[in-house]
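# Working through the structure, step by step
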Protein chains: 2
Amino acid sequence: MKITDGGICAAKGFKANGIHCGIRKSRTKRDLALIYSEKVCNAAAVYTNNLVKGAPLTVTKANISDGKAQAVICNSGNANTCNAGGELIAEKTCRLVAEKLGISDKDVIVASTGVIGQPLSIDPIAAGIPALADGLSYDGCCYAAEAIMTTDTSVKQIAVEFTAGGKVCRMGGIAKGSGMIHPDLATMLVFITTDCAISSAMLQKALKSDVKETFNMLSIDGDTSTNDMVAVMANGMAGNTIIDGDGDDFNEFMKALNTVNVALCRMIAGDGEGATKLLECKVCGAKTLTDAKKTAKSVVCSSLLKAAMFGADANWGRVLCAIGYSGADADVEKIDVAFISKAGKVEVCKNGRGIDFSEELAKRVLTEDEIEIAVNLNDGEFCASAWGCDLTYDYVKINGDYRT
Amino acid sequence: MKITDGGICAAKGFKANGIHCGIRKSRTKRDLALIYSEKVCNAAAVYTNNLVKGAPLTVTKANISDGKAQAVICNSGNANTCNAGGELIAEKTCRLVAEKLGISDKDVIVASTGVIGQPLSIDPIAAGIPALADGLSYDGCCYAAEAIMTTDTSVKQIAVEFTAGGKVCRMGGIAKGSGMIHPDLATMLVFITTDCAISSAMLQKALKSDVKETFNMLSIDGDTSTNDMVAVMANGMAGNTIIDGDGDDFNEFMKALNTVNVALCRMIAGDGEGATKLLECKVCGAKTLTDAKKTAKSVVCSSLLKAAMFGADANWGRVLCAIGYSGADADVEKIDVAFISKAGKVEVCKNGRGIDFSEELAKRVLTEDEIEIAVNLNDGEFCASAWGCDLTYDYVKINGDYRT
């Protein structure tokens, strides 16, 4: 398996596009994305656990209940949530896309991201769909990736190549992240395409299993969004024998999916709202996997630690504090902590107590833009990683006046 | 029951003082507080749930295991946590206080607040105790209240008068709060004194019950501190018949304690690190008390809502979002939300959907420094309140470089 150029159009038979249709005020900001597969795909998705769910999620769930999909339509600028008639608008959007593409409206995945509780008009969407569909191309990945962005500052895409049943398969993904992102759900919007042939059931199994280690281990701000989903479409055009059970091919597929998802997680975390730094907490030596995960998540979620990382301040007591309230089983007297980056490694805590370290080295390590917080609980065999970002002035600025 | 002037010296027989002994660098910052009762008190305390616990907590727990205490010693500037020999230093501190005051070292409550993981020297404490004790007075409440502050910007104290068994009793409290404060523990440091006669068992019962509705419903930043405690001392000098069971007198006592604790909660929330606004989420119409509490806490903990409140932005979708991920049982279609302050009331959401409102009025309401977020779940009879504050540039600034 190897990482290649491209995104959702790396897999055979997938086209994409993104345009500005008028939901967002700024004319330079694309706000409507379309992904289309030449063949009907097996499809799977996971959704937010928030009780308040965006209208598009309900419609998407119903549409892919048969494990099939052929297109994704997604707007930014309005979440289509907590408003009147949201489901009707989501359904209408699917119908318009289906009519234009000559596919079934039950094979359309629909998603929205943006402000909650605002009316969404079908008009700009209806007006935009013809040009959006006419502009679909094998080079349109970046346009789609741009059109799903909200406060994201960079396009997030990745593609990989792997082998299944002797055939070269490709998988690609795009993501939008930035704010309102927190573990314990299928955070944010992610669309993944692959030309690998795999059954809907195995696709759902793969996705459900992998998000536990990837998107559910990601937090920007502790807020679990109302609109998040991760959807995968597999059109089988690589020509491999269909993966319909466990085995080597499924394992290869899982590896590819994990590579795509980890890469997108890191991109989302590094581009968290206002973020200047990607934080990765790697926990080892936990008694159970659950303890390892709880510990890693708690550390990357700590507002105090996030602010300290922004200030390049090696205030490791906040790491211990976050471990202590994580709910994980740990023996405080055994905990080791180090900070690691391209600039080096600085050990700051051994057996739960502070050790002498060079503040100068610590400053150099923490001034980099990717920081690993290495925690060894020295109490077992389990490991886990979680991703987050620092808490900055810009996070406050972006969210102090998001609507206007 | 009425609110009166003063703090911990309002109750008969309590003296206090606070000095700068040298733990903190700034000579103008008091860093050592002492509270003393002329008579041995019945005492009770609750502590943080963090697995990582400050050394003073272990020592205090042991000392008041017999339900008795006569003095509180507390330093700021160093948490005496995750360091070498912390318990020995906490014990030594108790011995020095006890010797100077001529009391038992087992009747001393010891507490620390400040940076985690730094060695704490006994020297400044030992050098400071004689002057600290010699300066004890009935007017020393403010000095003690000052000396326990960390990043607090104002002294937090309150006193009330109530009647038990026909006798006038007084109760007062001081608190330090500001950062690393989160529900589900006896957040921050609070010391409460009363001259009411009450048994240790009833005192513990009253405290344990009341913190569930007060300090456990308070969040500044989602970080559960390692050093928090709320301790109460009752010296019986009001001369009332001792309260040793349920009844009218105990109910009066509970009312007084709740008044003191709610007032301190509001002071702590309003003076949260970097805060410009006190947020109070009042939830009504919940199916159970647990649902009401979960909802209220989730709303005041949302980073996104906290940032919106800083920007006086009526982004009520974030309130719905926080209710949705709170884990509380709710019917989204029934939820009403309004923002209330001295400037008026603006209803923003009815039956889970946005309603037209005046953005101008909303701005006026949200520009005040005390904001109520009124949530009606319209689904039952239970209510709860939680307190928090807005998320500001200054929170990031204060915590980006706290150690230096």
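Note that this is a predicted model, so its numbers are computed, not measured.

Okay, the overall build of chain A next. Helices and strands together make up the secondary structure of chain A, namely eleven helices and 15 strands. What you see for chain A is a C-alpha radius of gyration of 21 Å, in line with the 22 Å of a compact globule of 404 residues. Expressed along its principal axes, the backbone C-alpha trace of chain A runs to roughly 70 × 55 × 35 Å. The 404 residues of chain A split such that 61% are buried. The contacts of chain A with a sequence gap of at least 6 include a subset with a gap of at least 24, amounting to 81%. Carbon and sulfur atoms make up 49% of the accessible area of chain A, which totals about 13800 Å².

Our next topic: the pattern of salt bridges. Residue and element names in this part refer to chain A. The full count for this structure, using the stated rule, is 38 salt bridges over all chains. One salt bridge connects K100 with D134, and the closest N-O pair in it is separated by 3.0 Å. Residue K100 is found in helix 2 (residues 86-101), and its partner D134 is found in helix 3 (residues 123-134); the two are separated by 34 residues along the sequence. Of the residues examined, K100 reaches a relative accessible area of 37% and is grouped as partly exposed. Residue classification places D134 among the exposed positions, given a relative accessible area of 55%. The partner of K156 in a salt bridge is D271, and the shortest N-O contact between them spans 2.6 Å.

Right, let's talk about the interface of chain A and chain B for a bit. Contact residues are listed per partner, giving 53 residues for chain A and 53 residues for chain B. Where chain A abuts chain B, roughly 4300 Å² becomes buried across the two surfaces, and 58% of that area is made up of carbon and sulfur atoms. In this structure, the connection of chain A to chain B is made through zero salt bridges. Taken together, chain A and chain B are joined by four residue pairs in polar contact (both at pLDDT 80 or more).

With an RMSD of 0.0 Å, the fit of chain A onto chain B corresponds to turning through 180° and sliding 0.0 Å along the axis. Given the turn and translation reported, the copies of this chain are related as if by a two-fold rotation axis. No C-alpha of chain A lies nearer the rotation axis than that of Y393 of chain A, which sits 2.5 Å from it. Comparing interface residues between copies, 100% of those in chain A also lie at the interface in chain B; the contact surface is shared.

Let us look at the sheet that holds strand 13 (residues 353-354) of chain A. Residues and elements named next belong to chain A. Taken in spatial order, the six strands of this open sheet run 13-12-11-14-10-15, and their pairing is mixed. The open sheet is flanked by strand 13 and strand 15 (382-389), the only strands paired with a single partner. In the sheet, strand 11 (residues 336-341) pairs with strand 14 (residues 370-376) via five bridges, with the strands oriented antiparallel. For D336, the partnering residue across the bridge sits in strand 14 and is N376.

All names here are of chain A. Of all ten residues that make up strand 7 (residues 167-176), eight are buried, and the element is covered over most of its length. As defined by bridge partners, strand 6 (residues 156-164) adjoins strand 7 across nine bridges and the pair is classed as antiparallel. Of the residues in strand 7, the one forming a bridge with V160 is M171. Note that strand 7 and strand 8 (residues 189-194) share six bridges and pair antiparallel. The residue of strand 8 that forms the bridge with M171 is T194.

Residue and element names in this part refer to chain A. For chain A, mean pLDDT is 90; residues scoring 70 or higher make up 95% of the total. Between the elements of chain A, mean pLDDT differs from a low of 81, seen in helix 11 (residues 393-400), to a high of 98, seen in helix 3. With pLDDT under 50 throughout, residues 183-187 is counted as low confidence; its partners more than four residues away or in other chains account for 29 contacts. Across the whole predicted complex the pTM is 0.78, and at the interface the ipTM reaches 0.73.

Bringing the packing of helix 5 (residues 200-213) of chain A against helix 6 (residues 248-270) of chain A into the picture now. Residues and elements named next belong to chain A. For the pair helix 5 and helix 6, interaxial distance at closest approach is 10 Å and the crossing angle is 45°. As far as their axial angle goes, helix 6 and helix 5 are oblique. The crossing of helix 5 and helix 6 is right-handed. Contacts between helix 5 and helix 6 involve M202, L203, K205, A206, L207, S209 and D210 from the former and F250, F253, M254, L257, N258 and N261 from the latter.

What follows covers the packing of aromatic side chains. With the rule as written, the count across this model stands at five aromatic pairs over all chains. An angle of 75° between the planes, with centres 6.0 Å apart, marks the rings of F162 of chain B and F253 of chain B as edge-to-face. In this pair, F162 of chain B sits in strand 6 (residues 156-164) while F253 of chain B sits in helix 6 (residues 248-270), placing the two residues 91 residues apart along the sequence. Residue classification places F162 of chain B among the buried positions, given a relative accessible area of 2%. Judged by relative accessible area, which is 0%, F253 of chain B ranks as buried. An aromatic cluster is present here, built from F310 and Y393 of chain A together with F310 and Y393 of chain B joined pairwise through their rings. Between the NZ or CZ atom of K15 of chain B and the centre of the ring of Y138 of chain B, over which it lies, the distance is 5.2 Å.

Cut-off values and rules
Residues numbered from 1 in each chain as written. Chains lettered and ligands numbered in written order. Predicted model: local features only at pLDDT ≥ 70, side-chain atom pairs only at ≥ 80, totals over all residues. Heavy atoms only, no water. Helix = DSSP H or I, 4+ residues; strand = E, 2+ residues; numbered from the N terminus. Rg over C-alpha atoms; globule rule 2.2 N^0.38 Å. Buried < 20%, exposed > 50% of the residue type's maximum accessible area, 1.4 Å probe, protein only. Contact = heavy atoms within 4.5 Å. Areas by Shrake-Rupley, 256 points an atom, 1.4 Å probe, with all protein chains shown as cover. Salt bridge = Lys/Arg side-chain N within 4 Å of Asp/Glu carboxyl O. Buried area = accessible area lost by both parts, 1.4 Å probe. Polar contact = N/O pair within 3.5 Å; in protein donor to acceptor, adjacent residues only side chain to side chain. Least-squares fit on C-alpha atoms with pLDDT ≥ 70 in both. Pairing = 2+ DSSP bridges. pLDDT = per-residue confidence, 0-100. Axes fitted to C-alpha atoms, helices over the stretch in contact; angles between N-to-C directions. Parallel < 35°, antiparallel > 145°, perpendicular 65-115°, else oblique. Left-handed = near helix turned anticlockwise from the far one by under 90°. Phe/Tyr/Trp six-rings, centres within 6.5 Å; stacked < 30°, edge-to-face > 60°. Lys NZ or Arg CZ within 6 Å of the ring centre and 35° of its normal.

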